[in-house]
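An overview of the molecular structure
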Amino acid sequence: MDPMIQPYVELAGFGHISKILSWSIDNKFILALCERWRPETHTFWFPTGECTVTLEDVYMLLGLPIENKVVNGKTNYANSICMDLLETDLLDDNSRGQGILLSRLKSYYNSLYLDEHSTEDARIIKTRCYIMLLIGSFLFLEGSGSSMHIMYLPLLRHVDRIGSYSWGSACLAYLYSSLCKNSHKDTSTFSGCVVLLQAWGWSRLPSLAPVNNNPFTFPYAQK
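An account of the accompanying structure is given in this report. Only a predicted model underlies this, so the values are computations on that prediction, with no experimental measurement involved. (Residues numbered from 1 in each chain as written. Predicted model: local features only at pLDDT ≥ 70, side-chain atom pairs only at ≥ 80, totals over all residues. Heavy atoms only, no water.)

1. Comments concerning the nonpolar core
Rules: We define a nonpolar core as any set of buried Ala, Val, Leu, Ile, Met, Phe, Trp, Tyr and Cys residues linked to one another through side-chain atoms lying within 4.5 Å. We call a residue buried when its accessible area falls under 20% of the maximum for its residue type, exposed when it is over 50%, and partly exposed in between, using a 1.4 Å probe and counting protein chains only. Comment: elements are numbered from the N terminus, with helices defined as DSSP H or I runs of at least four residues and strands as E runs of at least two. We call two residues in contact when some of their heavy atoms are within 4.5 Å.
Ranked by size, the top nonpolar core spans 70 residues in total, and within it Phe14, Leu62, Leu105, Leu139 and Trp167 carry the most contacts. Here this core gets 11 residues from one element, more than from any other, and that element is helix α6 (residues 120-139). Filtering out sequence-adjacent residues up to four positions away, Phe14 remains in contact with Val9, Leu64, Ile131, Leu134, Leu139, Ile162 and Trp167.

Have a look at this one:
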């Protein structure tokens, strides 16, 4: 993350999750958890009983806010919203809906150079790009992970209000929805925050987790 936007990212409530820099996903472990999911109860069934990912887990593992306003709103916006909030058009012309290619968004983010002379507007635009990347490639991963819906962008209009949304609740709800879809045999892709699921699984099933002597620091997924 560009240090010039760090204060804005922290103000928006994404400061903790920005510390979780890189992950390698154990696909077999995720698949095993998916096979144990029961959509009727929204719980994992194990020989020893039932358990599930809770809001407390989301906060402790990722550091996302779990209170305040619900993350909702319209799903259709004028295509000019990109120009209005990001000052560029990133919409995917081949998308069936209003999708943004994450590769184009990442390239645009990297092209935005900031220094001590940069205006606040320029810093806020780069902050929006960074949070959109977090949302599209980490928290609300969709299918193949190549694009994301534009509907999240209007929620980032006012940087000082982004943190008033319960992003942790939305992340958990989206993960539940994905697990329910993956419980059907005709589903082959996984959506949602797979890092949350893996970190939760390793913390609750330590006998299946890799050896890790790192100390616990908040958010705990850093370990």
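Read on, since the account is not over.
2. What to know about helix α8 (residues 167-182)
Filter applied, for reference: For a helix, the expected span equals 1.5 Å multiplied by the number of residues minus one.
Spanning 16 residues, α8 covers 22 Å between terminal C-alpha atoms, matching the ideal 22 Å at 1.5 Å per step. Buried within α8 we find Trp167, Gly168, Ala170, Cys171, Leu172, Leu175, Tyr176, Ser178, Leu179, Cys180 and Asn182.

3. Some words on the packing of helix α3 (residues 55-62) against helix α9 (residues 194-204)
Convention followed: In this analysis an axis means a line fitted to C-alpha atoms, helices contributing only their contacting stretch, and an angle means the value between N-to-C directions, from 0 to 180 degrees. Note on terminology: angles under 35 degrees are roughly parallel, angles over 145 are roughly antiparallel, angles of 65 to 115 are roughly perpendicular, and the others are oblique. When residues are sorted by character, Ala, Val, Leu, Ile, Met, Phe, Trp, Tyr, Cys and Pro go into the nonpolar class, Asp, Glu, Lys and Arg into the charged class, and all the rest, Gly among them, into the polar class.
Put simply, α3 and α9 touch, their axes get as near as 10 Å, and they point 100° apart. When the axes of α3 and α9 are compared, the pair comes out roughly perpendicular. Across the interface between the two elements, Asp57, Val58, Leu61 and Leu62 from α3 touch Leu196, Ala199, Trp200 and Arg204 from α9. Taken together, the residues of the contact of α3 with α9 sort by class into six nonpolar, no polar and two charged.

4. A closer look at the pattern of salt bridges
For side chains bearing opposite charge, pairing can occur when the charged atoms are close. Under the convention used in this document: What counts as a salt bridge is simple: a side-chain nitrogen of Lys or Arg found within 4 Å of a carboxyl oxygen of Asp or Glu.
Counted by the stated rule, this structure contains three salt bridges. Measuring nitrogen to oxygen at the nearest pair gives 2.9 Å for the salt bridge that ties Asp2 to Lys126. Taken together, the residues span a long stretch of sequence, with Asp2 in the segment before α1 (6-11) and Lys126 in helix α6 at a distance of 124 residues. Lys126 shares its class with Asp2; the two are buried. A salt bridge links Asp84 to Arg157, with the shortest nitrogen-to-oxygen separation between them at 3.1 Å. With Asp84 in helix α4 (residues 81-86) and Arg157 in the loop between β5 (147-149) and α7 (159-162), the pair connects residues that are 73 residues apart, well separated along the chain. On the basis of relative accessibility, which here comes to 44%, the residue Asp84 falls in the partly exposed class. Under the relative-accessibility criterion, Arg157 is labelled partly exposed at 34%.

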